[in-house]
Amino acid sequence: MTSRITDKPPQFLSNPPLTLEKNSVSVPPESQNFHWHGFTQMADFQNIVIERAEGCWLTTTSGQRLFDGVASLWCNVHGHRNPKMDEAIRAQLDRVSHITTLGMSADITDQLAERLAEVTPGDLKHVFFSSDGSSAVEAALKMALQYWHLKNQTTPSSTSTAKTRYLALSSAYHGDTTGAVSLGGIKYFHQLFAPIVFTPVRGPLPCSYRLPDGIRDATACDYYAHEIESLLKQHHAELAAVVMEPLVQGAAGMITHPAGLLARIRELCDQYNVLMIVDEVATGFGRTGRMFACDHEGVTPDILCMGKGITAGYLPMAATIARPHVFEAFLGKSSERKQFYHGHTFGGNPLAAAAAVASLDLFRDTQLTETIDAKSQFLRECLAPIADHPHVGDVRGRGLMVGIELVADRNRKTPFDSDRLIGRNVCERATELGAWIRPLGDVIVLMPPLVASNEELRFLADTVTRAIEEVLADID
Ligand SMILES: *Cc1c(COP(=O)(O)O)cnc(C)c1O
């Protein structure tokens, strides 16, 4: 199947098209100073102001329609203004918007906890709520540390006296709060903050695209499992947990792990008596074609972190879910002070919980997850022509989580000089053409809402194809 910009203009677009001026200013206009945006150079920031959205489309204040190619930062599942989602949030608004979950609860939040236990792998059961993915990871870190502290109090003969460190993978990304940054290994995000973070035991980057010399696809899983086992052998006595993103390391550039590695790490964690924390903030809620990425390899981590897609991208919420053996270690008399010393003001917020329950209802009623493999396949077919472009090194991902890596030299897999901002230029061009996408360096990220139709996926692929062709037309 071929993919090309069709003769008829895409019916989704209402013009005039957007034009982004490149680096035209060095000081933002006064009116743009109030709102300081994350990961954004405010001096040359070209603001795109969204007035409304529907389905997979965003409409700017000046009337342009943009396809939401990154699902509003990897969150949106059932589309914007989904009537069922809107209705559920409105109905909750008529009951109560916020109460604390320290010492009380809302019925909708309790209901959500039970539903999350049902859809997460294995016997994951006890849900701790927070408001963003970073906080879900922070909670998991502290939970693991306190777990070992409590366990070793009750079995003083245990050899593992101070399990207070973590093993994290290279180029890991687990969020931007300080503990999450400590685990992270992406140069620009993390190096600067080295003075205020803890140091994890650093594992390899299990990257299927750039394998070490002498390692083939067939031996890659063994190779990385062996690397991780060596670290566990050496450090298990001090390790509280291994923390990792399953299958795909999103922010690292959609790095895909060799198949089978997740299951191997599960076995190693058991063998070396270390908890396994899996960060499904990006991969959870259908994104990879299963409800959770762990489901692909039948893995049940001890603790699983979720965020982004949990409310289908409607309201801020995140959760950390633990298995009974973790939860039960915290049980005791009040005077024993075993309770989990952690909690967030807005954790379990009822409005967000109503959105999350409505999203799970939609997953069940529309069987959305079962459609993802076919959509993913279709998107890959649409992208097949651009995969042969001399500057496209790799098209990879899982489900509707796709990265297109642009390289200077396809055979040697050499990256472009990052100062050339190739990825950013491609995304800006795609935006002008009607698809809003954001790069990770020179990896073009495609993360459409899971409800995107084949026609919309084709539009996304065509637009990105054209943007890559134009920007890389006469590049040296
Ligand atoms: C986005 C992300 C986070 C952080 O979530 P926030 O809601 O931005 O704090 C953590 N882990 C992974 C894998 C992510 O993709």
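The name an unreviewed UniProt entry gives the chain is Adenosylmethionine-8-amino-7-oxononanoate aminotransferase, with Rhodopirellula maiorica SM1 as the organism. Recorded in UniProt under Function (unreviewed entry), the annotation for the chain is "Catalyzes the transfer of the alpha-amino group from S-adenosyl-L-methionine (SAM) to 7-keto-8-aminopelargonic acid (KAPA) to form 7,8-diaminopelargonic acid (DAPA). It is the only aminotransferase known to utilize SAM as an amino donor." UniProt annotates the chain under Catalytic activity (unreviewed entry) with the comment "(8S)-8-amino-7-oxononanoate + S-adenosyl-L-methionine = S-adenosyl-4-methylsulfanyl-2-oxobutanoate + (7R,8S)-7,8-diammoniononanoate".

Asker: How would you summarise the environment of Arg 323 if you had to cite specific residues and measurements?
Answerer: When you line up the elements, Arg 323 lands in the loop between strand 12 (318-322) and helix 9 (324-328). Residues Arg 323 and Leu 18, spaced 305 residues apart in sequence, show a C-alpha to C-alpha distance of 49 Å. Among all residues touching Arg 323, those that are not within four sequence positions of it are Asp 123, Leu 124, His 126, Arg 266, Thr 300, Pro 301 and Asp 302.

Asker: Could you give me a rundown of helix 10 (residues 350-366), with the residues and numbers involved?
Answerer: The end-to-end C-alpha separation of helix 10 is 24 Å, in line with the 24 Å expected for 17 residues at 1.5 Å each. Extensive coverage of helix 10 is indicated by the burial of 13 of its 17 residues. Capping the start of helix 10 is the job of one residue whose side-chain oxygen sits 3.0 Å from the backbone nitrogen of Leu 351: Asn 349. A positive phi of about 50° marks Gln 367, the residue just after helix 10.

Asker: Can you tell me about the site of the ligand, naming the residues and giving the values?
Answerer: Residues in contact with the ligand, as listed here, are Trp 74, Asp 132, Gly 133, Ser 134, Tyr 173, His 174, Gly 175, Glu 245, Asp 279, Val 281, Ala 282 and Lys 308. For the ligand, a nitrogen atom lies 2.7 Å from a polar atom in the side chain of Asp 279. Lys 308 is positioned with one of its side-chain polar atoms (N or O) 2.7 Å from an oxygen atom of the ligand.

Asker: Residues and numbers for the state of the cysteines, please.
Answerer: Disulfides are covalent bonds that connect the sulfur atoms of two cysteines. The final tally for this structure, using the stated rule, is zero disulfides. You can see Cys 269 has no disulfide; the closest cysteine sulfur is in Cys 294, sitting 11 Å from it. In this structure Cys 382 is a free cysteine whose sulfur lies 15 Å from that of Cys 56, the closest cysteine sulfur available. Cys 382 gets classed as buried once you look at its relative accessible area, which sits at 1%.

Asker: Describe a nonpolar patch on the surface, naming the residues involved and giving the relevant values.
Answerer: A cluster of nonpolar side chains, namely Leu 192, Phe 193 and Ile 196, defines an oily patch on the protein surface of about 330 Å² accessible area. With relative accessibility at 38%, the residue Phe 193 sits in the partly exposed group.

Asker: Go over the domain arrangement of the chain, please, and point to the residues and values.
Answerer: Bring the parts together and some accessible area is lost; that lost area is often taken as the interface size. When its domains are assigned, the chain resolves into domain 1 (30-75 + 370-471) and domain 2 (87-366). On a C-alpha basis, the centroid separation for the pair domain 1 and domain 2 is 27 Å. The partner domain 2 presents 27 residues to the 29 residues of domain 1 that form the contact. Interface area lost by domain 1 to domain 2 is led by Trp 74, Arg 398 and Met 401, which between them contribute 28%. Linking domain 1 with domain 2 are two salt bridges. The salt bridge partner of Arg 290 is Asp 373, with a shortest N-O separation of 3.3 Å. Counting across the domain 1 and domain 2 interface gives ten residue pairs in polar contact (both at pLDDT 80 or more). Those elements that place two or more of their residues in the side of domain 1 that touches domain 2 are helix 1 (71-74), helix 11 (369-387), strand 13 (392-398), strand 14 (401-406) and strand 17 (443-446). Counting residues per element, the side of domain 1 that touches domain 2 draws most heavily on strand 13, at five residues. Taken together, the residues that form the side of domain 1 that touches domain 2 break down as 18 nonpolar, five polar and six charged.

Cut-offs applied
Residues numbered from 1 in each chain as written. Predicted model: local features only at pLDDT ≥ 70, side-chain atom pairs only at ≥ 80, totals over all residues. Heavy atoms only, no water. UniProt positions renumbered as here; feature names shortened; annotations may be inferred. Helix = DSSP H or I, 4+ residues; strand = E, 2+ residues; numbered from the N terminus. Contact = heavy atoms within 4.5 Å. Expected span 1.5 Å × (residues − 1). Buried < 20%, exposed > 50% of the residue type's maximum accessible area, 1.4 Å probe, protein only. Polar contact = N/O pair within 3.5 Å; in protein donor to acceptor, adjacent residues only side chain to side chain. Near = heavy atom within 4 Å. Disulfide = S-S within 2.5 Å. Patch = residues over 30% accessible without salt bridge, like charges linked within 9 Å, V, L, I, M, F, W, Y side chains within 5 Å. Areas by Shrake-Rupley, 256 points an atom, 1.4 Å probe, with all protein chains shown as cover. Salt bridge = Lys/Arg side-chain N within 4 Å of Asp/Glu carboxyl O. Domains from an automatic or database assignment. Buried area = accessible area lost by both parts, 1.4 Å probe. Nonpolar A, V, L, I, M, F, W, Y, C, P; charged D, E, K, R; others polar.

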